[in-house]
Amino acid sequence: MSESREWLIQWLRDAHAMEEQAETMLSGQLSRIESYPELSDRIRIHLEETREQARRLKTCLEGLDEGSSMLKDAGGKLTATAQSLSGVFAGDEVMKGSLASYTFEHMEIASYTILIAAANAEGEAEIARVCEQNLREEEVMAEWLKSNLSQVTEKFLTRAEADRDSAKR
């Protein structure tokens, strides 16, 4: 097996773990957001996309006669759980979660951009296609977050003036 192919497999495993982490992070956010229905609705949609992205990546790995990394998947979920729990203690949890989500989306965008280049270099057109589909979904989510950060911030500040606890979530 060529070194380039080994890197492609490694990066696919990393991306799968990244999506497992995202699923845990999004699930945690969704379970605690009560006062921001538009944000909750969008997170719910992206959570389903995230689950599908992980499934697609697993199919790509299986097509290469490889599997995902249970250690990386577990590590990603553990990290997301810790991040999620830390938000419980923040007085501005919805803002911290929005910041983390926007940042995470850009990490995913970079990861898929790398994977597309690696898949194309290896002649793996189907893997490149899957990664392009995942990339488009991540770009749409990042753009939605960017477009709505001001609105969420304004709603948070208004709610914080009236009732700090309801603003948090």
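Residues numbered from 1 in each chain as written. Predicted model: local features only at pLDDT ≥ 70, side-chain atom pairs only at ≥ 80, totals over all residues. Heavy atoms only, no water.

(A) Molecular detail of the state of the cysteines. Summed over all chains, the structure comprises 0 disulfides. Looking at the unpaired Cys60, the closest cysteine sulfur is the one in Cys131, lying at 5.8 Å. Here Cys60 falls in the buried class, since its relative accessible area comes to 7%. On the accessibility criterion, Cys131 (0% relative accessible area) is buried. (Disulfide = S-S within 2.5 Å. Buried < 20%, exposed > 50% of the residue type's maximum accessible area, 1.4 Å probe, protein only.)

(B) Quick look at the packing of helix α2 (residues 37-63) against helix α5 (residues 125-162). Two elements in contact, α2 and α5, have axes separated by 11 Å at closest approach and are oriented at 165 degrees. With respect to α5, the axis of α2 lies roughly antiparallel. For the pair α2 and α5, the sense of crossing is left-handed. The residue makeup of the contact of α2 with α5, split by class, is 11 nonpolar, 5 polar and 7 charged. (Axes fitted to C-alpha atoms, helices over the stretch in contact; angles between N-to-C directions. Helix = DSSP H or I, 4+ residues; strand = E, 2+ residues; numbered from the N terminus. Parallel < 35°, antiparallel > 145°, perpendicular 65-115°, else oblique. Left-handed = near helix turned anticlockwise from the far one by under 90°. Nonpolar A, V, L, I, M, F, W, Y, C, P; charged D, E, K, R; others polar.)

(C) Broad picture of the confidence of the model for the protein. Of the residues in the protein, 83% have a pLDDT of 70 or more, and the chain-wide mean is 87. Put simply, helix α3 (residues 70-88) is where the protein has its lowest mean pLDDT, 52, and α2 is where it has its highest, 97. (pLDDT = per-residue confidence, 0-100.)

(D) Highlighting the pattern of salt bridges. Tallied over the entire structure, the rule returns 14 salt bridges. Measuring nitrogen to oxygen at the nearest pair gives 2.8 Å for the salt bridge that ties Asp92 to Lys96. A relative accessible area of 44% means that Lys96 is categorised as partly exposed. Among the ionic contacts, a cluster of salt bridges with common partners joins Glu52, Arg55, Arg56 and Glu137. (Salt bridge = Lys/Arg side-chain N within 4 Å of Asp/Glu carboxyl O.)

(E) Spotlight on the side chain of Gln53. Counting through the fold element by element, Gln53 comes out in helix α2. Once you skip the residues sitting within four places of it in the chain, Gln53 turns out to touch Glu19, His46, Tyr112, Asn134, Glu137 and Glu138. (Contact = heavy atoms within 4.5 Å.)

(F) Summary view of the nonpolar core. Within the largest apolar cluster, 24 residues are counted, with the highest numbers of intra-cluster contacts made by Leu8, Leu12, Tyr112, Leu115, Ile127 and Cys131. Elements that contribute at least two residues to this core include exactly α1 (3-32), α2, α4 (93-121) and α5. Once residues lying within four places of it in the same chain are set aside, the contact partners of Cys131 are Leu12, Leu57, Tyr112, Leu115 and Ile116. Tyr36, Ile43, Val94 and Leu145 belong to the second-largest nonpolar core, a separate cluster that totals 13 residues. (Core = buried A, V, L, I, M, F, W, Y, C linked by side-chain atoms within 4.5 Å.)

(G) A look at the packing of α4 against α5. The contact between α4 and α5 brings their axes to 8 Å, and the two run at 160 degrees. When the axis of α4 is compared with that of α5, the two are roughly antiparallel. Crossing geometry of α4 relative to α5 is assigned as left-handed. Along the lines of polarity and charge, the residues of the contact of α4 with α5 split into 18 nonpolar, 7 polar and 6 charged.

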